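# Structural characterization, general
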Amino acid sequence: MSANRWDPKAKKPPKGFNYLAPVLSALENELRDKVRESNAGKRNTESMWPVHQINWQRSRYVYDMYYTHKKISKKVYDYCIKNKLVDAALIAKWKKTGYERLCSTYVINSNNYKFGTTSICRVPLKDRSPEQRTAQDPTTGCRGCASGVGQPRNIFGNKYGQNLAAVQIAREARMEELERKRQREEEEEEARAAAVAERGGEGDSETDDDSDDDYGPTPAAGVWAGGSKLEEESERLAKEGDGGGEEEGGDTQPPSAKKLKT
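Residues numbered from 1 in each chain as written. Predicted model: local features only at pLDDT ≥ 70, side-chain atom pairs only at ≥ 80, totals over all residues. Heavy atoms only, no water.

### A word on the packing of aromatic side chains
Our working rule: For Phe, Tyr and Trp, where Trp contributes only its six-membered ring, two rings pair if their centres lie within 6.5 Å, and the inter-plane angle classes them as stacked under 30 degrees, edge-to-face over 60, or tilted in between. Only DSSP runs of H or I reaching four residues or more are called helices, and only runs of E reaching two or more are called strands; each is numbered from the N terminus. Relative accessibility thresholds used throughout: buried, under 20% of the residue-type maximum; exposed, over 50%; partly exposed, between the two (1.4 Å probe, protein chains only).
For the structure on display, the rule yields nine aromatic pairs. Plain terms: the ring middles of Y66 and Y77 are 4.5 Å apart, the flat faces sit at 15° to each other, and that makes the pair stacked. Residue Y66 is located in helix 2 (residues 49–68), and its partner Y77 is located in helix 3 (residues 74–82); the two are separated by 11 residues in the primary sequence. Judged on exposure class, the residue Y66 and its partner Y77 are both buried.

Put into structure tokens, the structure is as follows:
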């Protein structure tokens, strides 16, 4: 894949961009597929949900890789901003108190809603009436992106609401763990073989079955968490990065609310 695929005229990407390229490419392909997908049986606004949601996920991925996990350089981050690989306006809002989890700039534009208000997704769950608890923004599909206690961690309730930066890091950590385990097993096997050779006999080899591991280097789910184990681990990493917010009951405080050098 060309790291410059989105804009052939763009300047050559800086060193380190290839770390992001596979996920950005997967999201671009996903968006393209969703745009081409039939809208039969969907409301007109619902057909636009993937556009807003993938835009959020792509922007959040790069943002978290830079600010939260510090996995990319400022040159890579700035390259993504300059070449519009992410939503710069949305990211700018995340840096402001109260907008740390904003799903889209559309939902805070009072011109888009009756009576000069904002979207229902900006109303904290604790302040909603019982019948509004499960309400979603009709344009973005967001369940709730207000800051504070008791907000859903996955604002869309689907794979597009997953924290892909944390998913990638959790998967990398798991693969490193498996590699260390493999090396230990090889060393143990060599030691057993040497001991057996000294005795002039034969020994039994033991192997562990990791078939139930759902972290995998190339899961069927692609760049998203394909199983509960990986999703839970990625959420744990995300909580550590944003100050320990909890699903439906914890305070969500991403690094965007802090004073950051940009």
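### Considerations on the side chain of R60
Just so we agree on the cut-off: Under the rule applied, a polar contact is a pair of N or O atoms within 3.5 Å (in protein, one hydrogen donor and one hydrogen acceptor; residues adjacent in sequence only if both atoms are side-chain atoms).
You can see R60 is positioned in helix 2. Among the polar contacts made by the side chain of R60, one reaches the main-chain carbonyl oxygen of E100 at a distance of 2.9 Å.

### Here we look at a negative patch on the surface
What counts here: Surface patches are drawn from residues lacking salt bridges whose relative accessible area is over 30%; two like charges belong together within 9 Å, two nonpolar side chains (Val, Leu, Ile, Met, Phe, Trp, Tyr) within 5 Å. To be clear on the numbers: accessible area is Shrake-Rupley with a 1.4 Å probe, and residue cover counts the displayed protein chains and nothing else. What makes a salt bridge here is a side-chain nitrogen of Lys or Arg within 4 Å of a carboxyl oxygen of Asp or Glu, nothing more. Just so you know, the count uses Lys and Arg for positive and Asp and Glu for negative, and it drops His and the chain ends. Where a charge lies is defined by one atom per residue type: Lys uses NZ, Arg uses CZ, Asp uses CG and Glu uses CD.
Negative charge collects at one region of the surface, where E185, E187, E188 and E190 lie side by side. Mapped onto the fold, E187 is located in helix 5 (residues 164–199). A relative accessible area of 55% places E187 in the exposed class.

Function cannot be read off these values alone, since they describe shape.
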